[in-house]
Amino acid sequence: GLPGAWARLLAGLPYWYRALDIVALAHARRKPWEEVARRHFLVERRLELDWIRERIEGLPVAGHWQATARIGLREELYRQQRRLADALLATGERDPDEAFARWAEERTSRLEHFARVLIDMKASPAIDHATLSVAVQELHKIA
C-alpha cells in the first residue's frame, strides 16, 4: 500500500550496504562500479552467499551479545564477498563469467569442499550461529 517511490526505496535497502562495498572497491581498483558490481553479485550467486546471508539474518537474537555476534558474522560475510569480488577483478578478465572460471580453476578443491559444506548445512534441520560461522570461515579459506 505504499506509494511507488517509497516501495522502491524500501525494496532496495538490502542492496545499499553492499553498494558501499562496491563503490569502495571500484575506487580502490579504479574500475567502473558496474564492472565491480557484476563480479560482486556473480560471486554471491555462484557461491550461494545470499542463502548464507538469509540464514544469518534469521538467527534468533535474545540479547545484546547475540545481536552483536550476528552483526559480526554478517560483517565477515560481507568482507569475504568483497575479497572474492576483488579476486575476480585481479584476474584481468573482462567477462565476469570468464573471470570466475579462471579464478575457480586455481581453487577447485576448496570450492568443491565449500559446495559439500553448503549441501550438508542445507540438509541440517537446524542452522545456528556456529554452523554459519563455519560457512563464513570456509569462504575465508577460499578467498
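Residues numbered from 1 in each chain as written. Predicted model: local features only at pLDDT ≥ 70, side-chain atom pairs only at ≥ 80, totals over all residues. Heavy atoms only, no water.

Digging into the nonpolar core
Membership of the largest hydrophobic core comes to 27 residues, with the highest contact counts inside it found for Leu47, Ile52, Trp103 and Leu139. Counting residues per element, the ones that place at least two in this core are α2 (33-46), α3 (49-57), α4 (64-90), α5 (96-105), α6 (108-123) and α7 (129-142). Sequence-distant contacts of Leu139, that is, excluding residues within four places in its chain, are made with Leu47, Leu49, Ile52, Leu77, Gln80, Leu84 and Phe114. In this structure, Leu25, Val36, Ala85 and Leu89 belong to the second largest nonpolar core, which totals seven residues. (Core = buried A, V, L, I, M, F, W, Y, C linked by side-chain atoms within 4.5 Å. Buried < 20%, exposed > 50% of the residue type's maximum accessible area, 1.4 Å probe, protein only. Helix = DSSP H or I, 4+ residues; strand = E, 2+ residues; numbered from the N terminus. Contact = heavy atoms within 4.5 Å.)

Re the side chain of Thr91
On the secondary structure map, Thr91 appears in the loop between α4 and α5. If sequence neighbours within four positions are ignored, Thr91 has contacts with Ala99, Arg102 and Trp103.

Examining a nonpolar patch on the surface
A cluster of nonpolar side chains, Leu2, Trp6, Leu9, Leu10, Leu13, Tyr15 and Trp16, forms an exposed patch at the surface whose accessible area comes to about 730 Å². Within the fold, Tyr15 resides in helix α1 (residues 4-29). Its relative accessible area of 43% is what places Tyr15 among the partly exposed residues. (Patch = residues over 30% accessible without salt bridge, like charges linked within 9 Å, V, L, I, M, F, W, Y side chains within 5 Å. Areas by Shrake-Rupley, 256 points an atom, 1.4 Å probe, with all protein chains shown as cover. Salt bridge = Lys/Arg side-chain N within 4 Å of Asp/Glu carboxyl O.)

Things to note about the side chain of Glu138
When you line up the elements, Glu138 lands in helix α7. Look at Glu138 and you get buried, because its relative accessible area is 10%.

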